[in-house]
Amino acid sequence: MANRRLAPASEQPQDFAFTPENAEWAKNQIAKYPEGRQASAVIPLLWKAQEQNGGWLPQKAIEAVAAELGMPKIRVLEVATFYTMFALEPVGRFWIQLCGTVPCDSCGARELKGMLQKRLGPSGHVSADGNFSWLEVECLGACCNAPMVQINQDYYEDLTPESLSQLMDDLAAGRPVKVGSQKGRTSSEPQGGATTLTDETLFDGSRVGAWRKRFEQTGEQGGTPPADTGEAASAGRQAATTPKPAKPDAGRPVERKASDAPAQRAAGGEEPVKPSDRAGAADPGHSTAHETPAPAPEGATAGEKAAGEHGHQTAPARDVPPQQPDASGESEAAVEGGTSAPAAPPRTEQ
Ligand code: FES
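Quantities reported herein were computed from a predicted structural model and do not represent experimental measurements.

Reading guide: rules and limits
Residues numbered from 1 in each chain as written. Predicted model: local features only at pLDDT ≥ 70, side-chain atom pairs only at ≥ 80, totals over all residues. Helix = DSSP H or I, 4+ residues; strand = E, 2+ residues; numbered from the N terminus. Buried ≥ 20, exposed ≤ 12 C-beta atoms within 10 Å, placed from the backbone. Contact = placed C-beta atoms within 7 Å. Pairing = 2+ DSSP bridges. Right-handed = clockwise from strand over helix to strand, strands pointing away. Axes fitted to C-alpha atoms, helices over the stretch in contact; angles between N-to-C directions. Parallel < 35°, antiparallel > 145°, perpendicular 65-115°, else oblique. Left-handed = near helix turned anticlockwise from the far one by under 90°. Nonpolar A, V, L, I, M, F, W, Y, C, P; charged D, E, K, R; others polar. pLDDT = per-residue confidence, 0-100. Core = buried A, V, L, I, M, F, W, Y, C linked by C-beta atoms within 7 Å. Expected span 1.5 Å × (residues − 1). Bend = angle between axes of the 7 residues up to and from the residue.

Draft legend 1. Seen up close, the overall build of the protein chain. Of regular secondary structure, the protein chain possesses 12 helices and 5 strands. Counting across all 350 residues of the protein chain, residues that qualify as buried make up 15%. Contacts spanning at least 24 positions in sequence make up 58% of the contacts within the protein chain whose residues lie at least 6 apart.

See the structure below:
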């Protein structure tokens, strides 16, 4: 894991200020964010400060960015020390960031690390010729082509200790180098070349063009289009051999038996209520209002008894005050005298 401390005071510059050109660039970056959100520009400004300072961030640059954004210095220091993209110590002309996370580690990053230690010494130190410094960092997002390093702004992938050492020799000598895979892979295609989508006609337009031409020719001759061999034809064949249970009314109007309701009878020109039903309704023998009431309970008032006899409860008249409950003293006296309050009558169903 990378050491994220500021460089010793002996290596820190006395001050830092953006050049006029970079100060203008910083203002434009800050203006991208809404009022009160200027702190969002902290990473671009730190990046520009690092670039101006020869590839590393001194303490004074961190403080200058904090002042520019109106942020506490500690907040900007937190950002600068969190991201390994910000170098906190002087770096060589070529700053090597070696990925040491699991995919790269299991593909040979340890051997690369051993080679760098042997050639350059411990990480965080600039080589004697000033050309190189290195740092182990976490995943740089090129795991498919592990192991890999980032040197300044570029990725170099599919490395071996030998190929990395050769790469460093070429960089130091100013010879042209190839970025990306050092094994000849294109992007992150499989080792040994692509194994799928290898048909050239998929990409040169000839496959689509041939189909269009056949359809155009068929249309001109008034014939039937060529047999469909695609997905639709496949689905049709499958439906013929393995039919699925149908849902008859799925999405379709279905004739259902009409209910025998008065409104429907009226709509059909019939008598809404059948004469036999009407006669049954008028027969007192069919009325529940005249069913024999339950006997009133012991202790029921005369009104309650009368209501029970008529099969329903009567609402009290509005101008008659409701009956007051017994005073508590009387109830207690009744309890002490061994008598109990009369039970409430059962509610009569209407
Ligand atoms: S693990 Fe090395 S790039 Fe992701």
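Draft legend 2. Highlighting the pairing of strand S2 (residues 132–137). Buried residues dominate S2, accounting for 6 of its 6 residues. Burial along S2 is two-sided: Phe132, Trp134 and Glu136 and Ser133, Leu135 and Val137, pointing in opposite directions, are all buried. In this structure, strand S1 (residues 94–99) lies alongside S2, joined through 6 bridges in parallel fashion. Along S2, the bridge assignment pairs Trp95 with Ser133. What joins S1 to S2 is helix H5 (residues 102–120), and the crossover it makes is right-handed.

Draft legend 3. Layout of the packing of helix H1 (residues 20–30) against helix H2 (residues 42–52). Taken N-terminus to C-terminus, the directions of H1 and H2 make an angle of 165°; their axes are 10 Å apart at the nearest point. By the angle class used here, H1 and H2 are roughly antiparallel. Pair H1 / H2 crosses with right-handed handedness. Across the interface between the two elements, Asn22, Trp25, Ala26 and Gln29 of H1 pack against Pro44, Leu45, Lys48 and Gln52 of H2. Each residue belonging to the contact of H1 with H2 can be placed in one class, and the counts come to 4 nonpolar, 3 polar and 1 charged.

Draft legend 4. Up close: the confidence of the model for the protein chain. Looking at the protein chain, the pLDDT average stands at 80 and 69% of residues meet or exceed 70. Counted against residues more than four places away or in other chains, residues 306–312, with its pLDDT under 50, gives 16 contacts. Within the model, pLDDT remains below 50 along residues 327–346, and this stretch shows 14 contacts once partners closer than five positions in the same chain are excluded.

Draft legend 5. Local environment of the sheet that holds strand S5 (residues 180–181). Reading across from one edge, S2-S1-S3-S4-S5 is the order of the 5 strands in this open sheet, with mixed pairing throughout. Looking at strand neighbours, the two that pair on one side only are S2 and S5, the edges of this open sheet. Two elements, strand S3 (residues 149–151) and strand S4 (residues 154–157), share 3 bridges in a ladder whose sense is antiparallel. Of the residues in S4, the one forming a bridge with Gln150 is Tyr155.

Draft legend 6. Seen up close, the environment of Gly54. The residue Gly54 is located in the loop between H2 and helix H3 (59–69) in this model. When the 11 C-beta atoms within 10 Å are taken as the criterion, Gly54 is described as exposed.

Draft legend 7. Up close: the nonpolar core. Membership of the largest hydrophobic core comes to 22 residues, with the highest contact counts inside it found for Ile96, Leu98, Cys99, Leu112, Met148 and Val149. Among the secondary structure elements, those contributing two or more residues to this core are S1, H5, S2, S3 and helix H6 (161–173). Those residues in contact with Leu112 that sit more than four places away from it in its chain are Leu98, Pro147, Val149, Leu159, Pro161 and Leu164. Membership of the second largest hydrophobic core comes to 17 residues, among which are Ala49, Val65, Val76 and Ala87.

Draft legend 8. Representation of the pairing of S1 within the structure. Note that S1 and S3 share 3 bridges and pair antiparallel. Across the sheet, the residue bridging to Ile96 is Ile151, located in S3.

Draft legend 9. Focus on unusual backbone geometry. Geometrically, the link from Ala146 to Pro147 is a cis peptide bond, its omega value of -5° lying close to zero. With respect to the secondary-structure elements, Pro147 resides in the loop between S2 and S3. Despite not being glycine, Asn152 shows a phi value in the positive range, around 50°. Position of Asn152 among the secondary structure elements: in the loop between S3 and S4. A count of 13 C-beta atoms within 10 Å places Asn152 in the partly exposed class. Non-glycine residue Leu197 carries a positive phi angle of around 55°. Here Leu197 lies in the loop between S5 and helix H7 (206–221). According to the C-beta neighbour criterion, Leu197 is exposed, with 7 such atoms within 10 Å.

Draft legend 10. Broad picture of H5. Taking 1.5 Å per residue as the helical rise, H5 with its 19 residues ought to reach 27 Å, whereas the 23 Å between its terminal C-alpha atoms falls clearly short. Within H5, the axis deviates most sharply at Gly108, by approximately 75°. Turning to H5, its buried residues number three or more, namely Cys104, Ala109, Leu112 and Leu116. Taken together, the buried residues of H5 touch S1, S2, S3 and H6. At the C-terminal side of H5, Gly121 shows a positive phi close to 90°.

Draft legend 11. Highlighting the packing of H2 against helix H4 (residues 73–82). Orientation of H2 relative to H4, taken along the N-to-C sense of each, is 70°, at an axis distance of 11 Å. Taken as axis vectors, H2 and H4 run roughly perpendicular relative to one another. Taken as a pair, H2 and H4 cross one another with a handedness that is right-handed. The segment H2 lies against H4, with Val42, Ile43 and Leu46 engaging Val76, Val79 and Ala80. Along the lines of polarity and charge, the residues of the contact of H2 with H4 split into 6 nonpolar, no polar and no charged.

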